[in-house]
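A closer look at the structure
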Amino acid sequence: MTQPANASAVFVTGAAAGIGRAIAERFAREGWTVGLYDIDPDAVRATAEAIGGRTVIGSFDVTDPAGWDAALKQFADATGRLDLLVNNAGILFSGPFADIPLDRQHRLVDVNIKGVLNGCHAALPYLRVTANSQVINLASASALYGQPGLATYGATKAAVRSLTEALDLEWRHYGIRVTDLLPLFVATEMMTEVTRASKSATTLGVHLTPADIANTVWHTATTPRTLRGPHVLVGLQTKLTALATRLSPPFVTRAVVAWISKADTL
Ligand SMILES: NC(=O)c1ccc[n+]([C@@H]2O[C@H](COP(=O)([O-])OP(=O)(O)OC[C@H]3O[C@@H](n4cnc5c(N)ncnc54)[C@H](O)[C@@H]3O)[C@@H](O)[C@H]2O)c1
C-alpha cells in the first residue's frame, strides 16, 4: 500500500497477540502507519486484516539479525521513515530455576535480550534519519527485584532495563529517545505460563489489560519527556513496588518479595 509522506510510522514486534496487537491497534486508530511483525505469519496476517488502517506486515524471529535487516528494509521502503520501534516480542517460562531445562533458559535470553539488542542495532540507521525518533522496549516490573519462579525471565527484563538506560544516553546526540515500560501482570496468553509456577500473580492479581499498556505506549510516544527518566512504571502496584524497593531497607524488600511470591512453597 502507498503511504502518505507525512504519516508517522511505528514498527511493532510480537504484534500478532496480546500487548503487541493492542499497541498496533492503538497506533492504527491514531492514523499511524503500523508495521506488524511476528514469528507467527498466519496470526500477523489475521491481525492486520482485523485492525485495518495502513499496515506493513511480515514475519521473522527477533533472534535472527538477518530477519531484522530484511524486515526493516521492507518497512522503510514502504514508509520512508521509522518514528518508533517497539521491541515488544518476548517469551516467558516459569518454574523453579533448576527445573527449567537449560535450552529454555537460553531461549529466554535469546528472545528477550538478544531480540531487543538485535532490533536496536538494526534500526539505528533508520532511526537516525527520522527526526525525533524513539524506541520503546517492553521490560517488566520483574526487572525491579528478582522473582522466584521467574528468575531468568526477570533477569532478561533487568538487562532490557539496563540497555534502555545506556542507549537513551548514548543516542541522545542523535535526538533518539529510548524508553522502557515496566508493567506488572497483564491479562494476555503469557499469564497462563506465569500462573503455572509463580505465586506472585495469585497474591497480587492481574489488574492490567493489553489496552492499558497500549495507552501508555501511545502516551509515552506522544508526550515530551520533561523530567521523567527512561523508565515508565505502569499501574499503581508497580509504582508502589518501585517506591518500596527504593525506600525500604534491603531486608524489608527481600521479605516482601518472599511473601508476595510465596517463595518457600514453590
Ligand atoms: N503479560 C504480562 O503480564 C507482561 C508483563 C510485563 C511485561 N510483559 C512483556 O510484554 C511483551 C508482550 O507480552 P504479551 O503478554 O503480549 O505476550 P504474548 O505471549 O501474549 O504475545 C507475544 C507475541 O510475541 C510473539 N513472539 C514470541 N517470540 C517471538 C520471536 N522470537 N520473534 C518474533 N515474535 C515473537 C508471539 O508470537 C506473540 O504474538 C513481552 O516482552 C513480555 O515479556 C508482559
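Moving on to the site of the ligand. As a structural note, the neighbourhood of the ligand is formed by 29 residues, with Asp38, Asn88, Tyr153, Val186 and Thr188 the closest of them. One nitrogen or oxygen atom from the side chain of Arg107 is found 3.5 Å from a nitrogen atom belonging to the ligand. A distance of 2.5 Å separates an oxygen atom of the ligand from a polar side-chain atom of Thr188. Protein contact buries 91% of the 830 Å² of open area that the ligand shows by itself. Within the residue set of the shell around the ligand, elements represented by two or more residues are α1 (18-29), α4 (102-128), α5 (151-170) and α6 (190-197). Among the residues making up the shell around the ligand, the classes are represented as 18 nonpolar, six polar and five charged.

Once that is clear, we can look at the pattern of salt bridges. With the rule as written, the count across this model stands at seven salt bridges. Two residues, Arg45 and Asp42, come together in a salt bridge whose shortest N-O distance is 2.7 Å. With Arg45 and Asp42 both in helix α2 (residues 41-51) and three residues apart, this pair spans about one turn of that helix. Residue classification places Arg45 among the partly exposed residues on the basis of a relative accessible area of 43%.

As a general point, the strands of a sheet are linked pairwise by backbone hydrogen bonds and lie either parallel or antiparallel. With respect to topology, seven strands assemble into an open sheet ordered β3-β2-β1-β4-β5-β6-β7, the strand pairing being parallel. Where the open sheet ends on each side, the last strands, each with one partner, are β3 (55-59) and β7 (231-234). Neighbour-to-neighbour, the strand axes of this sheet turn through a mean angle of 15°, independent of strand direction. Docked against the sheet, helix α3 (residues 65-79) engages β1 (9-13), β2 (33-38), β3 and β4 (84-87), running at close to 155° with respect to β1. Here α4 sits on the sheet and contacts β4 and β5 (134-138); the angle it forms with β4, its principal contact strand, is near 175°.

This paragraph deals with the packing of α3 against α4. The interhelical angle for the contact between α3 and α4, taken along N-to-C directions, is 40°, at an axis separation of 9 Å. Along this stretch, α3 crosses α4, giving a crossing that reads as right-handed. Of the residues in α4, those touching α3 at Pro65, Trp68, Asp69, Leu72, Lys73 and Ala76 are Gly115, Asn118, Gly119, Ala122, Ala123 and Tyr126. When the residues that make up the contact of α3 with α4 are grouped by side-chain class, the tally is seven nonpolar, three polar and two charged.

As a further point, take the pairing of β5. In terms of burial, β5 is a largely internal element, five of the five residues being buried. Burial along β5 is two-sided: Gln134, Ile136 and Leu138 facing one way and Val135 and Asn137 facing the other are all buried. Sheet topology places β4 next to β5; four bridges connect them, and they run parallel. Residue Asn87 lies in a different strand from β5, and its bridge partner there is Asn137.

The rules behind each value
- Residue numbering note: each chain is counted from 1, following its sequence as written.
- Confidence filtering applies because this is a predicted model: local features only for residues at pLDDT of at least 70, side-chain atom pairs given and counted only at 80 or more, and all residues used for totals across whole chains, interfaces and linings.
- With hydrogens and water excluded, all non-hydrogen atoms of the structure serve as input to the side-chain values.
- It suffices for a single heavy atom of a residue to lie within 4 Å of a molecule or strand for the residue to be listed as near it.
- N or O atoms closer than or at 3.5 Å make up a polar contact, with two conditions inside protein: a donor-capable atom paired with an acceptor-capable one, and, for residues adjacent in sequence, both atoms drawn from side chains.
- Throughout, the Shrake-Rupley method with a 1.4 Å probe supplies accessible areas, and for residues the shown protein chains are the sole cover considered.
- Counting from the N terminus, the helices are the DSSP runs of H or I reaching at least four residues and the strands are the DSSP runs of E reaching at least two.
- Residues are grouped as follows: Ala, Val, Leu, Ile, Met, Phe, Trp, Tyr, Cys and Pro are nonpolar; Asp, Glu, Lys and Arg are charged; every other residue, Gly included, is polar.
- Basic side-chain nitrogens of Lys or Arg form a salt bridge, by our definition, when they fall within 4 Å of a carboxyl oxygen of Asp or Glu.
- Think of it in three bands: with a 1.4 Å probe and only protein chains considered, a residue is buried below 20% of the maximum accessible area for its type, exposed above 50%, and partly exposed in between.
- Criterion used throughout: strands pair if DSSP finds at least two bridges between them.
- For helices, the fitted line uses only the C-alpha atoms of the stretch in contact; every axis is such a line through C-alpha atoms, and the angle between N-to-C directions lies from 0 to 180 degrees.
- Residue contacts are counted whenever heavy atoms from the two residues lie within 4.5 Å of one another.
- Crossing chirality is assigned from the near helix's rotation relative to the far helix, an anticlockwise turn below a right angle marking it left-handed and a clockwise turn marking it right-handed.

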